[in-house]
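What follows is each chain in one-letter form.
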Amino acid sequence: MKIKYLGTAAAEGIPALFCRCDICKEARKRGGREIRTRSQAIIDEKLLIDFPADSYLHILHYNMDFSSIEHLLITHSHDDHFYPFDLLMRMSEYGHDMGAKVLHIYGNSVVGNLLKEFSDRFSVPEVWNYMQFHELTPFEKFKIEDYTIYPLPSRHMRTETALIYLIEHNGKTILYGNDSSMFYDEVWEFLKGRTLDCVSLDCTMGRTPSNFSHMNYEDNVAVKKRLEELGCTTPDTRWICVHFSHNGQMLYREMTELAAVDNFEVAWDGMEVGF
Ligand SMILES: [Zn+2]
Ligand SMILES: [Zn+2]
Ligand SMILES: [Zn+2]
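One structure accompanies this document, and this report is about it. Given the structure is predicted, the values throughout are model-derived calculations rather than measurements.

Counting across every chain of the model gives nine aromatic pairs. Ring centres 5.5 Å apart and planes at 65 degrees place the aromatic pair Tyr83 and Phe85 in the edge-to-face group. Under the relative-accessibility criterion, Tyr83 is labelled partly exposed at 29%. Here the aromatic rings of Tyr217 and Phe264 are separated by 5.8 Å at their centres, their planes lie at 75 degrees, and the arrangement is edge-to-face. Taken together, the positions of Tyr217 in helix H6 (residues 217-229) and Phe264 in strand S13 (residues 264-266) put the pair 47 residues apart, joining distant regions of the chain. Judged by relative accessible area, Phe264 falls into the buried class, the value being 4%.

Written as structure tokens, this is what we have:
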């Protein structure tokens, strides 16, 4: 399997939309991997995860054709992961000769309601000709072609059940773990004994204290230790931290030095990981 990170920032981006803090100033100066757009990833050029407002920037930057994408997994309704308005651009007057007839969208009930709300608001029932929504239940597995996917509840929001995803394909497994703070007991229980080939974790808070919604780097290391204890890892397991904010007080270069000690890789916009 292969994951490509298209965007690796939290909601405000790095540099943030309206900010002159030291982290943002330094990121502007350094450029390159210090610049982070909002969260999006793609597995095997097939399964798109999340749809932020930066999706348009991503098709330009990576020269991608989203019209051919058939499956979109949404983690939760925060706007750095789900910007439904741009899905209107799939309507016949805005998108021609599309590679896929229907876009299947998978997510929780809030995501489904937002899709309904915007089709009503713009009076465009036509959207349902080209989008199909599939509401997910935590721990209930589903199939997309020969991928088996388990949506898992994440401790992230009080107003909806945000989801992280365990995706299996051809004997390989990835845990796509943001947005999330420390996992629920049921999630640890579920993961026990499963072999994970790639673990991608929320590192929003960097070297500052974590909170109800997000992990920091220390939490990422604690998750790794616990998964090792639960028998979920191999010497080849890839460990990745992602979803960064200027509030985490860490830039790419410094974060990479810190993470190397624990065998973590620091995601950057455009990074591809095969496993
Ligand atoms: Zn986020
Ligand atoms: Zn800033
Ligand atoms: Zn979020």
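Don't stop here, the text continues.
Taking every second residue as pointing to the same face, both faces of strand S2 (residues 40-43) are buried, with Gln40 and Ile42 on one and Ala41 and Ile43 on the other. Sheet topology note: the strand S1 (residues 2-7)/S2 ladder contains four bridges and is antiparallel. Looking across to S2, one finds that Tyr5 is bridged to Ala41. Taken together, the three bridges between S2 and strand S3 (residues 47-49) define a ladder with antiparallel strand orientation. Of the residues in S3, the one forming a bridge with Ala41 is Ile49. Joining the antiparallel neighbours S2 and S3 is a turn of three residues, in which Asp44 adopts a positive phi near 50 degrees.

Before going further, it helps to spend a moment on the sheet that holds strand S4 (residues 71-73). Overall, mixed pairing links the seven strands, which are arranged S6-S5-S4-S3-S2-S1-S14 in an open sheet. Strands with a single pairing partner mark the edges of an open sheet, and in this sheet they are strand S6 (131-135) and strand S14 (272-274). On average, each strand axis in the sheet is tilted by 20 degrees relative to the strand beside it, whichever way the strands run. In the packing of helix H2 (residues 55-62) onto the sheet, the strands contacted are S1 and S2, and the crossing angle to S1 comes to about 115 degrees. Here helix H3 (residues 109-121) sits on the sheet and contacts strand S5 (103-107) and S6; the angle it forms with S6, its principal contact strand, is near 150 degrees.

Moving on, we get to the sheet that holds strand S9 (residues 163-169). Pairing is mixed in the open sheet, where seven strands are placed in the order S7-S8-S9-S10-S11-S12-S13. The sheet is open, and its two borders are formed by strand S7 (142-144) and S13, each paired with just one other strand. Put simply, the sheet's adjacent strands are angled 25 degrees from each other on average, direction ignored. Where strand S11 (residues 198-202) lies against strand S12 (residues 238-242), five bridges are found, and the strand directions are parallel.

Rules and cut-offs
Position numbers for residues start from 1 in each chain and track the written sequence from start to end. The lettering of chains begins at A and the numbering of ligands begins at 1, in the order of writing. Totals for whole chains, interfaces and linings use all residues, but because this is a predicted model, local features are given only for residues with pLDDT of at least 70 and pairs of side-chain atoms are given and counted only at 80 or more. Here the side-chain values reflect all heavy atoms present in the structure, with hydrogen atoms and water set aside. Think of it this way: a Phe, Tyr or Trp ring, Trp meaning its six-membered ring, pairs with another when their centres are within 6.5 Å, and the plane angle makes it stacked under 30 degrees, edge-to-face over 60, tilted otherwise. Working definition: with a 1.4 Å probe on protein chains only, accessible area under 20% of the residue-type maximum means buried, over 50% means exposed, and in between means partly exposed. Every helix listed is a DSSP run of H or I at least four residues long, and every strand listed is a run of E at least two residues long, numbered separately from the N terminus. Strands pair, by our definition, only if DSSP identifies at least two bridges between them. To get an axis, a line is fitted to the C-alpha atoms, and for a helix only the part in contact is used. The angle between two axes follows their N-to-C directions and goes from 0 to 180 degrees. Contacts between residues were defined by any pair of non-hydrogen atoms, one from each residue, lying within 4.5 Å.

Purely geometric numbers; function is a separate question.
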